[in-house]
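Structural characterization, general
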Amino acid sequence: MDIVRVEVYLDDASEPLAVVTEPPFNVRLDPAELGEGEHALTVVTHYQGGAKDHHEYAFDVSHKNNVFAGHISRAPLRAPIEVELVDAVERENPKAPNPVVYGLLPLALFLLVVVVSWYIAVRAESAAVDEPTNIQKIARSVAGAAPSAAKPAAGGADGEALYAANCASCHGASGEGVGSVFPALAGNDHLADAAYTIDVIVNGKPGTAMPAFGSRFSDEELAALVSYVRTSWNNSFGAVSAEDVASAR
Ligand code: HEC
């Protein structure tokens, strides 16, 4: 017998849910649009010549956990029709959010914990590294400052070199002097008087072998010389500045 059409009714509807006239006789049914609980599909098959048959198929719809399960197995379909229950996975892929929520969320939390721990560890490590680094920096700056303090050569003048070249021949390489002729500068209390020391070196001592160096050297060089003799060989009379020399000229 040739099928003219198949009408599918849902529950007590008077209008058919679907009417199919050609094979394949497929009817798509989305359980999401149905209420929870029992439903019935009525399939009316019209044959050529006016004959028809009538089958009713009960099924359940469950919306548990947002996953729809349509059970149509209670009454196997015998009519020439396939009722395709739209699977929840097929409709909106509802199983995909589950791995996201139950699989990726813990993973994300785990990664967050790892990243935070790593951050804390790195912070602690860098803090531990910073401390000695800063101490080293301070030590380095102190060490760097020390030589320039030992050389109070103002304006880059080297008091030690100037002394060696201009004074050591008479006053000794270490300021020890030569007998009673050239006075020792090491341990010489006269050098405690800065103005006197500057005056002697700038103007010399007329009538003695002590030459005047004021016209030979700049204020900076003279300050370096004066500072050198006042701070060397255990002398600790302090450095003088180029301004001190200039005002003494
Ligand atoms: C040619 C030798 C000679 C040279 C070079 C010389 N001096 Fe003198 N200097 C003397 C003599 C000599 C005296 C002692 C003068 C006096 O008081 O009778 C003296 C005295 C001094 C004094 C004073 C010491 C005191 O006890 O009062 C100072 C300071 C001094 N010289 C520094 C220097 C410096 C710095 C230089 C180098 C830039 C220098 N002299 C170069 C011979 C020299």
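What counts, and where the lines are drawn
Residues numbered from 1 in each chain as written. Predicted model: local features only at pLDDT ≥ 70, side-chain atom pairs only at ≥ 80, totals over all residues. Core = buried A, V, L, I, M, F, W, Y, C linked by C-beta atoms within 7 Å. Buried ≥ 20, exposed ≤ 12 C-beta atoms within 10 Å, placed from the backbone. Helix = DSSP H or I, 4+ residues; strand = E, 2+ residues; numbered from the N terminus. Contact = placed C-beta atoms within 7 Å. pLDDT = per-residue confidence, 0-100. Near = placed C-beta within 6 Å. Nonpolar A, V, L, I, M, F, W, Y, C, P; charged D, E, K, R; others polar. Pairing = 2+ DSSP bridges. Axes fitted to C-alpha atoms, helices over the stretch in contact; angles between N-to-C directions. Parallel < 35°, antiparallel > 145°, perpendicular 65-115°, else oblique. Expected span 1.5 Å × (residues − 1). Left-handed = near helix turned anticlockwise from the far one by under 90°.

Core analysis: the biggest nonpolar cluster contains 17 residues, and Ile198, Leu222, Leu225, Val226 and Val245 have the highest contact counts within it. Looking at this core, the elements with two or more residues in it are helix H5 (194–203), helix H6 (219–231) and helix H7 (242–248). Considering every element that reaches this core, the biggest residue donor is H6, with 7 residues. Aside from chain neighbours lying at most four places away, what touches leucine 225 is Gly159, Leu162, Tyr163 and Ile201. Counting 8 residues, the second-largest nonpolar core is a separate cluster that includes Val8, Leu29, Leu41 and Tyr57.

The next subject is the confidence of the model for the protein. Overall, the predicted model of the protein reaches an average pLDDT of 74, with 66% of residues at or above 70. Within the model, the stretch residues 129–154 combines pLDDT values under 50 with 16 contacts to residues more than four positions away or in other chains.

Every one of the 22 residues lining the ligand counts as a neighbour, but Cys167, Cys170, His190, Ala209 and Met210 are closest to it. Of the residues belonging to the shell around the ligand, the class tally is 14 nonpolar, 7 polar and 1 charged.

Next up on the list: the environment of glutamine 48. Take glutamine 48: it is sitting in the loop between strand E4 (37–47) and strand E5 (52–62). In the structure, glutamine 48 is positioned 44 residues away from valine 4 in sequence and 5.8 Å away in space, judged by C-alpha atoms.

The next point concerns the pairing of E5. One ladder, built from 10 bridges, connects E4 with E5; its direction is antiparallel. By the bridge assignment, histidine 39 is partnered in E5 with phenylalanine 59. If you look at the hairpin formed by E4 and E5, you'll find 4 residues sitting between the two strands, and glycine 49 has a positive phi there, around 100 degrees.

This next bit is on the pairing of E4. Alignment of strand E1 (residues 3–10) against E4, held across 7 bridges, turns out to be antiparallel. Counted as the bridge partner of valine 6 is threonine 45 from E4.

Turning next to the packing of helix H3 (residues 159–166) against H6. At a minimum axis distance of 8 Å, the contact between H3 and H6 shows a crossing angle of 85 degrees. One element, H3, and the other, H6, form an angle in the roughly perpendicular class. Across the interface between the two elements, Gly159, Glu160, Leu162 and Tyr163 from H3 touch Glu221, Ala224, Leu225, Ser227, Tyr228 and Val229 from H6. Here the contact of H3 with H6 is composed, by residue class, of 6 nonpolar, 2 polar and 2 charged.

A few words on the environment of valine 6. Within the secondary structure, valine 6 is located in strand E1. Counting along the chain gives 40 residues from valine 6 to histidine 46, while the straight-line C-alpha distance between them is 6.0 Å.

This part is about H6. In this model H6 runs 18 Å from its N-terminal to its C-terminal C-alpha over 13 residues, within 8% of the 18 Å that 1.5 Å per residue would give. For H6, a buried count of 12 out of 13 residues is recorded, marking the element as mostly surrounded by other parts of the structure. Every buried residue of H6 is accounted for by Asp219, Glu221, Leu222, Ala223, Ala224, Leu225, Val226, Ser227, Tyr228, Val229, Arg230 and Thr231. Where H6 is buried, its residues meet H3, H5 and H7. Backbone geometry just downstream of H6 places tryptophan 233 in the positive-phi region, at approximately 55 degrees.

Turning next to the environment of alanine 186. By the element assignment, alanine 186 lies in the loop between helix H4 (168–171) and H5. We classify alanine 186 as partly exposed; it has 16 C-beta atoms within 10 Å. Each C-alpha atom of the pair alanine 186 and tryptophan 233 lies 5.5 Å from the other, and the pair is 47 residues apart in sequence.

This brings us to the packing of H5 against H6. Taken N-terminus to C-terminus, the directions of H5 and H6 make an angle of 125 degrees; their axes are 10 Å apart at the nearest point. The angle between the axes of H5 and H6 places the two elements in the oblique class. Remark: the crossing between H5 and H6 carries right-handed chirality. Two secondary-structure elements touch here, H5 through Thr197, Ile198, Ile201 and Val202 and H6 through Leu222, Leu225, Val226 and Arg230. For the contact of H5 with H6, the residue count by class is 6 nonpolar, 1 polar and 1 charged.

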